[in-house]
Amino acid sequence: FVVTLIIRYRYYFLLFYRAVLVRMVQDCLTSLTREERAFQYVLTHATPGDPNSILDTFDHWCSKVEYMSNIGPRKGKVLDRLIVDNAPLTVLELGTHCGYGAVRIARSLQLGARLYTVEMDERNAEVAEKVIRLAGFDDDTLELIVGTSEEVITKMREQYGVERLDFVFMDHWKRCYLPDLQLLEGSGLLGKGSIILADNVIFPGAPHFLRYVKKSGLYQYRTHRATLEYTPGIRDGMAELTYLGVK
């Protein structure tokens with residue numbers, strides 16, 4: 001029984017080892033956070049001013065050195081395609097973390113487009129700011145905002161002059177997906193055709209969010225099935241929503 005259990009859930013045990021145990025050991029051995037350790041690796045191994053090199057170096061660190069949850073290269077290709085195909089002018093990312101997703105989005109934006117990326121953890125935001133600048137992006141293209149998603153969404157129109165969001169990428173706390181989506185609806189920031197891409201809706205999962213989306217009738221909806229970033233044995237997916245407008 002025990003052997004069967006270990007075999008069945010081996011990828012989850014491996015994820016626990018890489019994401020929790022290794023991190024705890026490294027936290028004790030160094031005075032840096034995991035995100036700061038990742039940045040030090042990127043700083044010494046990536047080419048400054050080259051977003052592709054920054055992302056490739058992150059991917060190598062996350063898959064070979066320490067696990068860290070970014071959208072990763074496989075699911076990242078879906079994000080890349082959606083940005084290129086839809087050419088959004090105003091993009092909001094909820095959950096900057098260490099800046100991986102922000103760099104991935106910014107490199108595909110058309111000239112004149114702008115990305116607002118939101119991170120509530122100040123220490124992670126400091127790392128993300130360094131990563132973003134190392135990749136070569138300035139405030140004209142990419143603005144990092146420190147605060148909660150709820151705070152920022154309510155200020156987008158008044159404080160940042162945003163009337164409409166063409167694209168929203170959700171990769172923050174999964175329990176915030178539904179209230180933040182409803183907040184975006186209520187704020188009037190979503191227009192017909194606005195796209196929302198939500199990561200990790202299968203693992204760790206966002207069931208209430210998915211249930212609402214399917215029942216609301218406000219969205220055209222599809223799931224991009226994949227595996228968890230840097231962990232091929234765990235199923236995951238992203239929800240792509242296209243806002244149809246108020247009924």
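Residues numbered from 1 in each chain as written. Predicted model: local features only at pLDDT ≥ 70, side-chain atom pairs only at ≥ 80, totals over all residues. Heavy atoms only, no water.

Quick look at the overall build of the protein chain now. Within the protein chain, the regular secondary structure consists of eleven helices and seven strands. Against the globule reference of 18 Å for 247 residues, the protein chain gives a C-alpha radius of gyration of 18 Å, in line with a compact fold. C-alpha atoms of the protein chain, sized along the principal axes, occupy 55 × 45 × 30 Å. With 247 residues in all, the protein chain has 53% of them scored as buried. Long-range contacts, defined here as pairs at least 24 residues apart, represent 73% of the contacts in the protein chain between residues at least 6 apart. A total accessible area of about 12300 Å² is found for the protein chain, and carbon and sulfur atoms account for 55% of it. Here the protein chain contributes 30 positively and 31 negatively charged side chains, and the mean placements of these two sets differ by 11 Å. (Helix = DSSP H or I, 4+ residues; strand = E, 2+ residues; numbered from the N terminus. Rg over C-alpha atoms; globule rule 2.2 N^0.38 Å. Buried < 20%, exposed > 50% of the residue type's maximum accessible area, 1.4 Å probe, protein only. Contact = heavy atoms within 4.5 Å. Areas by Shrake-Rupley, 256 points an atom, 1.4 Å probe, with all protein chains shown as cover. Lys, Arg positive; Asp, Glu negative; His and termini not counted. Charge placed at Lys NZ, Arg CZ, Asp CG, Glu CD.)

Turning next to the pattern of salt bridges. Pairs may arise between side chains of opposite charge once their charged atoms sit close together. Across all of its chains, the model carries 16 salt bridges by this definition. Among the ionic pairs, D27 bridges to R23, the shortest N-O distance being 3.9 Å. Residue D27 and its partner R23 are located together in helix 2 (residues 10-29), separated by four residues, close to a single helical turn. The class for D27 is partly exposed, based on a relative accessible area of 35%. Classification of R23 by relative accessible area gives partly exposed; the value is 30%. (Salt bridge = Lys/Arg side-chain N within 4 Å of Asp/Glu carboxyl O.)

Moving on, we get to the packing of aromatic side chains. One pass over the full model with this rule turns up seven aromatic pairs. Judged by centre distance (5.9 Å) and plane angle (65°), the rings of Y116 and Y160 are edge-to-face. Residue Y116 is located in strand 2 (residues 114-119), and its partner Y160 is located in helix 8 (residues 149-160); the two are separated by 44 residues in the primary sequence. Residue Y116 is classed as buried on the basis of its relative accessible area of 6%. Owing to a relative accessible area of 21%, Y160 belongs among the partly exposed residues under this scheme. (Phe/Tyr/Trp six-rings, centres within 6.5 Å; stacked < 30°, edge-to-face > 60°.)

Attention now moves to a positive patch on the surface. On the surface, R211, K214, K215, R225 and R235 cluster together to form a positively charged patch. Ranked by residue count, the leading element in the positive patch is helix 11 (residues 207-216), at three residues. On the secondary structure map, R235 appears in strand 7 (residues 235-243). Using a relative accessible area of 69% as the deciding quantity, one classes R235 as exposed. (Patch = residues over 30% accessible without salt bridge, like charges linked within 9 Å, V, L, I, M, F, W, Y side chains within 5 Å.)

One finds I54, F58, L79, I105, L115 and F167 to be the most contacted residues of the largest nonpolar core, which totals 44 residues. Mapped by element, the contributors of at least two residues to this core are helix 2, helix 3 (34-45), helix 4 (51-65), helix 5 (72-86), helix 6 (100-106), helix 7 (122-134), strand 4 (165-170) and strand 5 (190-198). Leaving out residues up to four positions away in the same chain, F167 has contacts with L79, L82, I83, P88, T90, V91, L92, I195 and L197. In terms of nonpolar packing, the next biggest core, distinct from the first, is built from 30 residues, M156, Y177, I196 and L210 among them. (Core = buried A, V, L, I, M, F, W, Y, C linked by side-chain atoms within 4.5 Å.)

All right, on to the environment of H224 then. For H224, the position within the fold is in strand 6 (residues 219-227). C-alpha separation for the pair H224 and E240, spaced 16 residues apart in sequence, amounts to 7.4 Å. Among residues more than four places away in sequence, those in contact with H224 are V78, R81, L197, D236, G237, M238 and E240. Within the local environment of H224, its side chain forms a polar contact with the side chain of E240, the two groups lying 2.6 Å apart. (Polar contact = N/O pair within 3.5 Å; in protein donor to acceptor, adjacent residues only side chain to side chain.)

Right, let's talk about the sheet that holds strand 3 (residues 142-146) for a bit. Strand order across the open sheet formed by seven strands is 3-2-1-4-5-7-6, with mixed pairing between neighbours. Strands at the two margins of the open sheet, each flanked by one partner only, are strand 3 and strand 6. Averaged over all neighbouring strand pairs, the angle between strand axes comes to 15°, with direction disregarded. (Pairing = 2+ DSSP bridges. Axes fitted to C-alpha atoms, helices over the stretch in contact; angles between N-to-C directions.)

Our next topic: the layout of surface pockets. Space inside the largest pocket adds up to approximately 920 Å³. As for the largest pocket, its lining consists of 35 residues, and the residues nearest its centre are S69, H97, D171, H172 and W173. Of all the secondary structure elements, the ones that give two or more residues to the lining of the largest pocket are helix 2, helix 3, strand 1 (90-94), helix 6, strand 2 and helix 10 (201-205). With three residues, helix 2 is the single largest residue contributor to the lining of the largest pocket. Each residue belonging to the lining of the largest pocket can be placed in one class, and the counts come to 14 nonpolar, twelve polar and nine charged. (1 Å grid on protein atoms, 1.4 Å probe; cavity = no way out; pocket = protein on both sides within 12 Å on 5 of 7 lines; lining within 4 Å. Points joined across faces, edges and corners; volume = space filled by probe spheres on them. Nonpolar A, V, L, I, M, F, W, Y, C, P; charged D, E, K, R; others polar.)

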